[in-house]
Amino acid sequence: DQQVKQNSPSLSVQEGRISILNCDYTNSMFDYFLWYKKYPAEGPTFLISISSIKDKNEDGRFTVFLNKSAKHLSLHIVPSQPGDSAVYFCAASDASGAGSYQLTFGKGTKLSVIP
Amino acid sequence: DAGITQSPRYKITETGRQVTLMCHQTWSHSYMFWYRQDLGHGLRLIYYSAAADITDKGEVPDGYVVSRSKTENFPLTLESATRSQTSVYFCARSGGGGRKQYFGPGTRLTVT
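Here we summarise the structure given alongside this text.

Rules used in this analysis
- Throughout this description, residue numbers start from 1 for each chain and increase along the sequence as written.
- Ligands are numbered from 1 and chains lettered from A, in the order in which they are written.
- Whole-chain, interface and lining totals are the exception, using all residues; otherwise, since this is a predicted model, local features are given only for residues with pLDDT of at least 70 and side-chain atom pairs are given and counted only at 80 or more.
- Calculation of side-chain values draws on the structure's entire complement of heavy atoms; hydrogens and water are dropped beforehand.
- Whether two strands pair depends on DSSP finding at least two bridges between them.
- Where helices and strands are cited, they refer to DSSP runs of H or I of at least four residues and of E of at least two residues respectively, numbered from the N terminus.
- Every angle, taken between N-to-C directions, lies between 0 and 180 degrees, and every axis is a line fitted to C-alpha atoms, over only the stretch in contact when it is a helix.
- Should any heavy atoms of two residues lie within 4.5 Å, those residues are counted as being in contact.
- Once two parts are joined, some of their accessible surface, as seen by a 1.4 Å probe, is lost; buried area is that loss totalled over both.
- Counted as salt bridges are all cases of a side-chain nitrogen of Lys or Arg within 4 Å of a carboxyl oxygen of Asp or Glu.
- Pairing of N or O atoms within 3.5 Å defines a polar contact, subject to two protein rules: one partner must be a possible hydrogen donor and the other a possible acceptor, and residues neighboring in sequence count only if both atoms are side-chain atoms.
- Three exposure classes are used, based on accessible area relative to the maximum for each residue type with a 1.4 Å probe and protein chains only: buried under 20%, partly exposed in between, and exposed over 50%.

Considerations on the sheet that holds strand β8 (residues 76-78) of chain B
Residues and elements named next belong to chain B. Spatial strand order, β1-β3-β8-β7: four strands in an open sheet with antiparallel pairing. Among the strands making up the open sheet, the edge pair consists of β1 (4-7) and β7 (64-66). For this sheet, the mean angle separating the axes of adjacent strands, direction not counted, is 20°. By the bridge criterion, three bridges tie β7 to β8 in an arrangement that is antiparallel. Opposite Val65, over in β8, you have Thr77 as the bridge partner.

Below you can see the structure in the form of structure tokens.
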């Protein structure tokens, strides 16, 4: 049972436009969400996070929106740049129990920004 | 700099062989993790460790063994490698506030 879902395996966007990457989750105990960016042959790098007490978090060109009632979050990149081309992973964490530092990842969305 | 090193970066081994993937953090953060990344599956947790001598299973632990005698090292051993364990393996550590994890560069393992 996949608890974190990224239903779009890939996304292509023109340079300068907005990229919107989506993520859905099923576990209502998740209370912290993260986005990671991964280039080929490198490890994932942390991009931005959001706690469930917020509905928006912004860091430069990157904004994450959280809709708890819909169990949905999205990552907006504005404006998109060719260097943003990478695989983006959505991850979620549940504060309860011994696994509070565990992250559950989605399968990733490959973003291609076309110059 | 994530402060995590992994070795080797690339490894080819034969079915049935034992192989150990090394992970070292330059800090002394408590939690360390091992993931595997496979096409169509994203990142899946194999094992994690909350501190030295404390380890626990993740989502896909079968066929793997871990140890953590020192806080900074967290090796992953495949006791008898199988072709299904061909994958890219990532080690990660906690730290930096919140529940962020910081990843190493990965080890690409091929089992022939």
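With respect to the interface of chain B and chain A
Taken together, the 20 residues of chain B in the interface contact 23 residues of chain A. Between chain B and chain A lies a buried interface of about 1800 Å² when both sides are counted; carbon and sulfur atoms form 60% of it. Sorting the residues of chain B by area buried against chain A places Leu43(B), Arg99(B) and Lys100(B) first, and these three jointly supply 37% of that buried surface. Run the count over chain B and chain A and you get one salt bridge. A salt bridge links Asp31(A) to Arg99(B), with the nearest nitrogen and oxygen atoms 2.7 Å apart. For the pair chain B and chain A, the number of links is six residue pairs in polar contact (both at pLDDT 80 or more). When residues in the side of chain B that touches chain A are grouped by element, the largest group, four residues, is from strand β5 (residues 42-51) of chain B.

Points about unusual backbone geometry
For the peptide bond that leads from Val78(A) to Pro79(A), omega is -10°, which places it in the cis range. Within the secondary structure, Pro79(A) is located in the loop between β8 (72-77) and β9 (86-94). Positive phi outside glycine occurs at Lys71(A), with the angle close to 50°. If you trace the backbone, Lys71(A) turns up in the loop between β7 (62-67) and β8. In this structure Lys71(A) comes out as partly exposed when scored by relative accessible area, which is 27%. Its identity as a non-glycine residue notwithstanding, Asp53(B) has a phi of 65°, on the positive side.

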